[in-house]
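Examining the three-dimensional arrangement
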Amino acid sequence: MINNSSLNSIYYNWWKNIDKTIFLLIIILFSLGLFFSLVSTSFIASDKLDTNNYFFFFKHLVYIFIGLLTLVFFSSLSEKNLFRFSIYLFFITLFFLFLVPIFGTEVKGSKRWLNLFFLPQFQPIELLKPFIIIFVATILCSEKNYNIYIKYLLTIISIIPTGLLLIMQPDIGQTLLVFLSWVILVFVSGINLLFILLFISLSIISLLYVVFFIPKFIYIKSRILSFFNPDGGTHNFQSDKAIEAISSGGFFGKGIGEGTLKTRVPEAHTDYIVSVISEEFGVIAIIFLLILFLFFIYSVFKKIYLEKSEKNKLVLTGSISLIIFQALIHLGVNIRLFPTTGMTLPFLSYGGSSIIGVSILSGIILNLTKRKIN
């Protein structure tokens, strides 16, 4: 049994050894997400739910509190326990993803959420993504005497079920995110570039076939065609309003509470949070956020450069790449560089699954960037 003295000692050592720069950046990003949640959802709660103005804010606050506990838990584990525990969680969360087509809640034609009595309205893929990184890295760094191409094949086999389940939902954005993360991991591990290009080509051809020739995905086809032909499409309302919001906000914004995007576009506080921020606080706020993200990425890559363990390098690279790709896709959708995907912005967007998922990633990053005790 662990007494209070032992527990205090564990967390004193945790605080002493974590990278405080990375930890501080994570806290700042979460705090900004909480603040923007307050200013972007108060009118939504009062207008649509006929409840107090701070309904979503308090929910976001609870999610962040749970997320920080999750972050501390994963960052305080020993490396051995982190990897072992993550492998178990990979299969558990993959099982939940299998349940989505059967018991999932359908929203706007997509089944992406589970609504279980002990886990209300959560998106399994958000929790699964961090453990995919560790699972793939574990295969690539296995000490068993497998041929390296056998290991690559095993990693492909390990992510195919996730990709197929995501396509069935359908969730093309998350599918691309998972495969991009896999590409980064195998590329960093030293695979021949020709194999990467071949795999990407086959994946793109397969994805285009699925989207354009299978009736279930006709709305995605319409969305893509509308993206390339704005005048002839009917799926650009959200993107058009997001661009208008960014333009109308200018460099310094309209001011807190003066934006209109949050009341005109559904889920603006999740999928279009960058546009909401830009409208009320201006492009200067987005530049500030980009600087924070870049500093966070730089701080992690600096640690990767100093890391001696190949497995730790792979996991850290995969984890930070996952955050980078998700942020880039979110930003690209907001400025109409990509079609609408429903991708949240890590740390800042409202949503319990997204916050817990990025908290797990942050906990893994903090764990593997800790000062090593000899």
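Residues numbered from 1 in each chain as written. Predicted model: local features only at pLDDT ≥ 70, side-chain atom pairs only at ≥ 80, totals over all residues. Heavy atoms only, no water.

**Overview of the overall build of the chain**
- Counting its regular elements, the chain contains 16 helices and three strands.
- For the chain, the proportion of its 374 residues judged to be buried stands at 50%.
- In the chain, once contacts between residues fewer than 6 apart in sequence are set aside, the share between residues at least 24 apart is 70%.
- Total accessible area on the chain stands at roughly 18,300 Å², and carbon and sulfur atoms take up 69% of it. (Helix = DSSP H or I, 4+ residues; strand = E, 2+ residues; numbered from the N terminus. Buried < 20%, exposed > 50% of the residue type's maximum accessible area, 1.4 Å probe, protein only. Contact = heavy atoms within 4.5 Å. Areas by Shrake-Rupley, 256 points an atom, 1.4 Å probe, with all protein chains shown as cover.)

**Focus on the packing of aromatic side chains**
- Tallied over the entire structure, the rule returns 19 aromatic pairs.
- For the pair phenylalanine 74 and phenylalanine 131, a centre-to-centre distance of 6.0 Å together with 40° between the ring planes defines the contact as tilted. Here phenylalanine 131 lies in helix H5 (residues 124–140) and phenylalanine 74 lies in helix H3 (residues 55–76), a separation of 57 residues in the sequence.
- With a centroid separation of 6.2 Å and an interplanar angle of 50°, the aromatic rings of phenylalanine 293 and phenylalanine 347 are classed as tilted. (Phe/Tyr/Trp six-rings, centres within 6.5 Å; stacked < 30°, edge-to-face > 60°.)

**Some points on the confidence of the model for the chain**
- Here the chain averages 80 in pLDDT, and 78% of its residues register 70 or above.
- Taken together, the stretch residues 44–51 has pLDDT below 50 and engages in 15 contacts with residues farther than four places along the chain or on a different chain. (pLDDT = per-residue confidence, 0-100.)

**A few points about the nonpolar core**
- Of all hydrophobic cores here, the largest spans 91 residues; its most connected members are Phe36, Ile277, Phe296, Phe347 and Leu348.
- Considering each element in turn, this core owes the most residues, 12 residues, to H5.
- The residues touching leucine 348, leaving out its near neighbours within four places in the chain, are Leu29, Leu32, Gly33, Phe36, His60, Ile273, Ile277, Leu289 and Phe293. (Core = buried A, V, L, I, M, F, W, Y, C linked by side-chain atoms within 4.5 Å.)

**Focus on the side chain of glutamine 123**
- Its location among the elements puts glutamine 123 in the loop between strand E3 (119–122) and H5.
- Overall, the relative accessible area of 11% leaves glutamine 123 in the buried class.
- Non-local contacts of glutamine 123, meaning those with residues more than four positions away in its chain, are made with Arg112, Trp113, Asp171, Gln174 and Ser353.

**Observations concerning a nonpolar patch on the surface**
- Together, Phe251, Phe252, Val283, Ile284, Ile287 and Ile291 make up an exposed nonpolar region whose accessible area comes to about 560 Å².
- Here isoleucine 291 lies in helix H14 (residues 283–306).
- A relative accessible area of 51% places isoleucine 291 in the exposed class. (Patch = residues over 30% accessible without salt bridge, like charges linked within 9 Å, V, L, I, M, F, W, Y side chains within 5 Å. Salt bridge = Lys/Arg side-chain N within 4 Å of Asp/Glu carboxyl O.)

**Some points on the side chain of serine 353**
- Tracing the backbone through its elements, the reader meets serine 353 in helix H16 (residues 352–368).
- Given a relative accessible area of 9%, serine 353 falls into the buried group.
- There is a polar contact of 2.7 Å between the side chain of serine 353 and the backbone nitrogen of glutamine 123.
- Setting aside residues no more than four positions away along its own chain, serine 353 makes contact with Gln121, Phe122, Gln123, Glu126 and Leu127. (Polar contact = N/O pair within 3.5 Å; in protein donor to acceptor, adjacent residues only side chain to side chain.)

**A closer look at helix H15 (residues 310–334)**
- In a regular helix each residue adds 1.5 Å, so 25 residues correspond to 36 Å; H15 covers 36 Å between its end C-alpha atoms and thus fits that length.
- The element H15 is extensively covered by neighbouring structure, given that 21 of its 25 residues are classed as buried. (Expected span 1.5 Å × (residues − 1).)

**A look at the packing of H3 against H16**
- Running from amino to carboxyl end, H3 crosses H16 at an angle of 25°, the nearest separation of the two axes being 7 Å. The orientation of H3 with respect to H16, classified from their angle, is roughly parallel. Crossing of H3 over H16 shows right-handed handedness. Residue-level inspection shows His60, Tyr63, Ile64, Ile66, Gly67, Leu68, Thr70, Leu71, Phe74, Ser75 and Ser76 of H3 in contact with H16, the latter providing Gly352, Ile355, Ile356, Ser359, Ile360, Ser362, Gly363, Ile364, Leu366 and Asn367. (Axes fitted to C-alpha atoms, helices over the stretch in contact; angles between N-to-C directions. Parallel < 35°, antiparallel > 145°, perpendicular 65-115°, else oblique. Left-handed = near helix turned anticlockwise from the far one by under 90°.)

**Notes on unusual backbone geometry**
- Even without glycine at this site, phenylalanine 347 takes up a positive phi of about 75°.
- Secondary-structure assignment places phenylalanine 347 in the loop between H15 and H16.
- Relative accessible area serves as the criterion here: at 1%, phenylalanine 347 is assigned to the buried category.

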